[in-house]
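Given next are the chains, with one letter for each unit.
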Amino acid sequence: MEQAVGSVLLAARDYDLAATLTSGQVFRWRRHEDAWLGVVAGHWIQLRQVPIGIQARVINPQACLPGLTNYLQLTVDLNSILTTFPDDEPMRAAVAACRGLRLLRQDPWECLASFILSSTKRILQIQQIVGLLCERFGHPVAAPPAFGPAFSFPGAERLARVNEADLRACKMGFRAPYLLAAAQSVAEGRLDLERVRTFSLDQAREALMNLPGVGRKIADCVLLFAYGYPSAFPIDVWVENALQSLYFPRRRATTRHLQRFSETHFGPNAGYAQQYLFHYIRTVLKGGSDLK
DNA sequence: AACCAGGACACAA
DNA sequence: TTGTGTCATGGT
């Protein structure tokens with residue numbers, strides 16, 4: 001299983017790897033010394049922030065690099081996105097605090113399954129659940145022996161054949177039947193995740209929300225983090241509190257009003273703005289008293 | 001040791 | 001439409 005490791009330097013400006021990998025859009029990366037270990041598209045990968053960009057260590061560079069470049073969205077010019085954000089005080093503060101935070105482009109199935117498991121769970125626990133799921137149902141991937149075994153994210157076809165009890169053993173509780181149903185729906189072709197790419201935002205959201213356990217919020221996470229619909233704007237409890245306290249501090253706004261506000265106020269890259277707000281309130285404001 | 005977590009859903013009013 | 005109880009599980 002152990003082969004030569006290739007090291008590649010990926011040029012990237014304005015890229016905060018740590019913020020990106022810990023901002024709750026992905027759950028498979030863990031810090032190891034000054035680097036990050038993860039598995040992308042079935043390949044073991046080590047990433048390290050360096051002055052001119054990102055150093056990647058992979059087993060087979062020519063097999064991994066195209067997918068990794070897309071995953072990290074290395075060709076995206078961050079500045080051209082940030083300039084579309086509204087010029088208001090909350091966004092200025094969020095950008096000042098989180099500059100370099102990026103949106104990844106994830107695999108739809110892994111993203112969908114992960115966020116089905118995310119409901120009313122802390123990010124740390126989501127990481128645990130996803131880790132167990134990969135250990136038990138993924139397949140081992142080639143990795144340097146010093147880093148221990150690594151596992152791929154199990155495909156829908158695999159998970160469609162397990163039983164609910166085995167999923168519950170991964171500590172996912174009441175989410176188990178939701179994940180199983182989603183896996184079966186994808187495996188049987190009732191939901192074609194590749195075809196969703198060709199859908200309009202509303203069509204794609206409707207297709208995902210057809211699944212049990214997938215509501216507006218989880219659907220929007222997948223639309224933003226996997227499919228890259230730039231205006232998908234997931235509103236969870238953190239973002240809702242942020243919108244309420246930062247933009248409507250006087251009067252109480254309903255969830256529906258906040259949803260409508262998010263669709264008009266944040267511009268063409270509203271989803272990106274959402275990620276900045278989310279990470280900002282969680283790391284800088286730490287969900288402080290005026291946000292709750 | 002209670003409390004609560006990147007929600008969704010069924011059900012009430 | 002808008003408001004509540006419920007669903008597992010474990011970290012703090």
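Quick notes on the rules
Counting restarts for each chain: residues are numbered from 1 in the order of the written sequence. As they are written, the chains are lettered A onward and the ligands numbered 1 onward, keeping that order. Side-chain atom pairs in this predicted model are given and counted only at pLDDT of 80 or more, local residue features only at pLDDT of at least 70, and totals for whole chains, interfaces and linings cover all residues. Each side-chain value is worked out from all heavy atoms of the structure, with water and hydrogens disregarded. Relative accessible area decides the class of each residue, using a 1.4 Å probe on protein chains only: under 20% of the type maximum gives buried, over 50% gives exposed, and in between gives partly exposed. The helix and strand labels rest on DSSP assignments: H or I over at least four residues marks a helix, E over at least two residues marks a strand, and numbering proceeds from the N terminus. Two strands make a pair as long as DSSP finds a minimum of two bridges between them. Ring pairs are drawn from Phe, Tyr and Trp, using the six-membered ring of Trp, whenever the two centres fall within 6.5 Å, and their geometry is named by plane angle: stacked under 30 degrees, edge-to-face over 60, tilted for the rest. As a reminder, the over-ring test applies to NZ of lysine and CZ of arginine, requiring each to be within 6 Å of the ring centre and within 35 degrees of the ring normal.

S.K.: Can you explain the pairing of strand β4 (residues 43–50)? Please cite residues and give values.
M.R.: Most of β4 sits out of view: 6 of its 8 residues are buried. The sheet contact formed by strand β3 (residues 35–40) and β4 spans 5 bridges and is antiparallel. Across the sheet, the residue bridging to Val40 is His43, located in β4. Counted along the chain from β3 to the antiparallel partner β4, the turn is 2 residues long, and its residue Ala41 has a positive phi close to 50°. Bridge count between β4 and strand β5 (residues 53–58): 6 bridges; the pairing is antiparallel. Opposite Ile45, over in β5, you have Val58 as the bridge partner. Hairpin connection from β4 to β5: 2 residues lie between these consecutive antiparallel strands.

S.K.: Account for the packing of aromatic side chains, with residues named and values stated.
M.R.: To describe a pair of aromatic rings, one takes the distance between the centres and the angle between the planes. Taken as a whole, this structure holds 12 aromatic pairs when the rule is applied. For the ring pair Phe248 and Phe261, a centre distance of 4.9 Å and an interplane angle of 75° mean the geometry is edge-to-face. In this pair, Phe248 is assigned in the loop between α12 (237–247) and α13 (255–265) and Phe261 in helix α13, connecting sequence segments 13 residues apart. Of the two residues examined, Phe248 and Phe261, each falls in the buried class. Each member of the aromatic cluster is reached from another via a ring pair, and the members are Phe233, Tyr247, Phe248, Phe261 and Phe266. Against the face of Trp238 rests Arg282, its NZ or CZ located 4.8 Å from the ring centre.

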